[in-house]
Amino acid sequence: MGVKIAPSMLSSDFSNLSEAKFMLDCGADWLHMDIMDGHFVPNLTIGAPVIESLRKHTKAYLDCHLMVTNPIDYVEPMGKAGASGFTFHVEVSKENWQELIVRIKSKGMRPGVVLKPGTPIEEVYPLIDSENPVEMVLVMTVEPVFGGQKFIPEMMDKVRALRKKCRSLDIEVDGGLGPSTIDMAASAGANCIVAGSSVFGAPEPAALISLMRKSVSENHQN
Ligand code: DX5
Ligand code: ZN
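Since we're looking at a predicted model, the values are computed, not measured.

(A) View of the overall build of the protein. When its secondary structure is counted, the protein shows 9 helices and 8 strands. For a compact globule of 222 residues, the expected C-alpha radius of gyration is about 17 Å, and the protein comes in at 16 Å, within 12% of that figure. Burial analysis of the protein (222 residues in total) assigns 54% to the buried set. Long-range contacts, defined as pairs at least 24 residues apart, comprise 68% of the intrachain contacts of the protein with a sequence gap of at least 6. For the protein, the computed accessible surface area is about 9,800 Å², with 51% contributed by carbon and sulfur atoms. The distance from the centre of the 21 positive side-chain charges to the centre of the 27 negative ones in the protein is 5 Å.

Right, here's the structure in full:
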C-alpha cells in the first residue's frame, strides 16, 4: 500500500489538457478523472474520448471515478480508451457489482467502489469480503458533482472503520482535500488522496503535492 496523490482534472482548464503533464511533473502519482453522465449527478464532464486522447500522451495511471447511473455500459469504452482504475458507485451497483468487477478486470482495469456521504460504510463490505474483491474503496468527502466544496469531517469515521477492517486496502478520499484537511484524512487511514481546486489553485502545486505525500507517509509509519 503506497501513497498516491491524484490531482483531479475536473479543476483543470479543459481547453488545455497539457495541465495533466504539468501535474505529473509536479509529482502527482495518478490523475483523477471524473466521468459524469448528467443523470447520476447534475453535471456533464469527461468521457471515454478524453481518456483516449490523454492516453496518447501519457502512461500515467488514470484513476477514473464513474459518476454514472449505468456503470456497466462504460466498462468496455473506458477499457478501450485506456483507463487504469474504474471506480463505480455502490448506490447504483447493488444488483450487479460482481459482474462489474469481473468485467472491469477482464478489460485490464483495477476495480474500485465509491460511496456518497449519505451511504453507510457497511454497504461496501460485501465487495471487499468477496472472493473477487474490489481493490480500492473511495470514500466521498463531499457530495459528488463539483469541485471546490467543503470537506465533510464526519466521513473520517468511515475511513477509520475501513482501515481497521483492512490494513492494506487502498482507501481513497475525494472532495475538499488540501493543506487544512490532509492531516485528518491521513490520520484516519486514507492513502490515496484526490485534490482538485487546492492543487490547481496552489501557487506551487509541487509543494502542496509533496506536503500531502509527507502527511500520508508519516501517518502510515505510526
Ligand atoms: C466531485 C469530484 C471530485 C472533485 C474534487 O464530484 O468527484 O473529484 O474534482 O474537487 P475538490 O478537491 O476541489 O473538492
Ligand atoms: Zn472524483
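(B) Summary view of the pattern of salt bridges. Using the criterion set out here, one finds 11 salt bridges in the structure. Residue Lys165 is joined to Asp129 by a salt bridge in which the shortest nitrogen-to-oxygen separation is 3.0 Å. Within this pair, whereas Lys165 is found in helix 6 (residues 156-165), its partner Asp129 is found in helix 5 (residues 125-129), the two being separated by 36 residues in sequence. One salt bridge connects Glu218 with Lys214, and the closest N-O pair in it is separated by 3.5 Å.

(C) View of the environment of Pro77. Its location among the elements puts Pro77 in helix 3 (residues 72-81). Along the backbone, Pro77 and Pro49 are 28 residues apart, and their C-alpha atoms lie at a distance of 8.8 Å.

(D) Focus on the nonpolar core. In this structure, Met33, Ile51, Phe88, Val124, Val137 and Leu162 are the most contacted members of the largest nonpolar core, which totals 65 residues. With sequence-adjacent residues up to four places away left out, Phe88 is seen in contact with Leu66, Pro71, Ser93, Trp97, Leu100, Ile101, Ile104, Gly112, Val113, Val114, Leu127 and Val134.

(E) Representation of the coordination of the zinc ion (ligand 2) in the model. All of the protein donors around the zinc ion (ligand 2) are His32 (NE2), Asp34 (OD), His65 (ND1) and Asp174 (OD); their distances to the metal are 2.1 to 2.3 Å. Written as a sequence motif, the donor residues of the zinc ion (ligand 2) are H-x1-D-x30-H-x108-D. Of this pair, His32 sits in strand 2 (residues 30-36) while Asp174 is found in strand 7 (residues 170-174), placing the two residues 142 residues apart along the sequence. Asp174 sits in the buried class, given a relative accessible area of 8%.

(F) Local environment of the packing of aromatic side chains. Summed over the entire model, instances satisfying the criterion amount to 1 aromatic pair. Note on Trp30 and Tyr61: the rings are 4.3 Å apart at their centroids and 20° apart in plane angle, and the pair reads as stacked. Taken as a pair, Trp30 in strand 2 and Tyr61 in strand 3 (residues 61-67) lie far apart in primary sequence, 31 residues in all. Here Trp30 falls in the buried class, since its relative accessible area comes to 5%. The ring of Tyr125 has Lys165 sitting right over it, with the charged end atom 4.6 Å from the ring centre.

(G) Summary view of the sheet that holds strand 2. Across the sheet, which stays open at both edges, the 8 strands sit in the order 1-8-7-6-5-4-3-2 with parallel pairing between neighbours. Since the sheet does not close on itself, it has two edges, and those belong to strand 1 (4-7) and strand 2, each with one partner. With strand direction ignored, the average angle separating the axes of adjacent strands in the sheet is 20°. Relative to the sheet, helix 2 (residues 48-55) contacts strand 2 and strand 3, its axis offset from that of strand 3 by approximately 175°. On the sheet, helix 9 (residues 205-221) packs against strand 1 and strand 8 (192-195) and is oriented at approximately 145° with respect to strand 1.

Conventions we followed
- Residues numbered from 1 in each chain as written.
- Chains lettered and ligands numbered in written order.
- Predicted model: local features only at pLDDT ≥ 70, side-chain atom pairs only at ≥ 80, totals over all residues.
- Heavy atoms only, no water.
- Helix = DSSP H or I, 4+ residues; strand = E, 2+ residues; numbered from the N terminus.
- Rg over C-alpha atoms; globule rule 2.2 N^0.38 Å.
- Buried < 20%, exposed > 50% of the residue type's maximum accessible area, 1.4 Å probe, protein only.
- Contact = heavy atoms within 4.5 Å.
- Areas by Shrake-Rupley, 256 points an atom, 1.4 Å probe, with all protein chains shown as cover.
- Lys, Arg positive; Asp, Glu negative; His and termini not counted.
- Charge placed at Lys NZ, Arg CZ, Asp CG, Glu CD.
- Salt bridge = Lys/Arg side-chain N within 4 Å of Asp/Glu carboxyl O.
- Core = buried A, V, L, I, M, F, W, Y, C linked by side-chain atoms within 4.5 Å.
- Donors = N, O, S within 2.8 Å, 3.2 Å for Na, K, Ca; no water.
- Phe/Tyr/Trp six-rings, centres within 6.5 Å; stacked < 30°, edge-to-face > 60°.
- Lys NZ or Arg CZ within 6 Å of the ring centre and 35° of its normal.
- Pairing = 2+ DSSP bridges.
- Axes fitted to C-alpha atoms, helices over the stretch in contact; angles between N-to-C directions.

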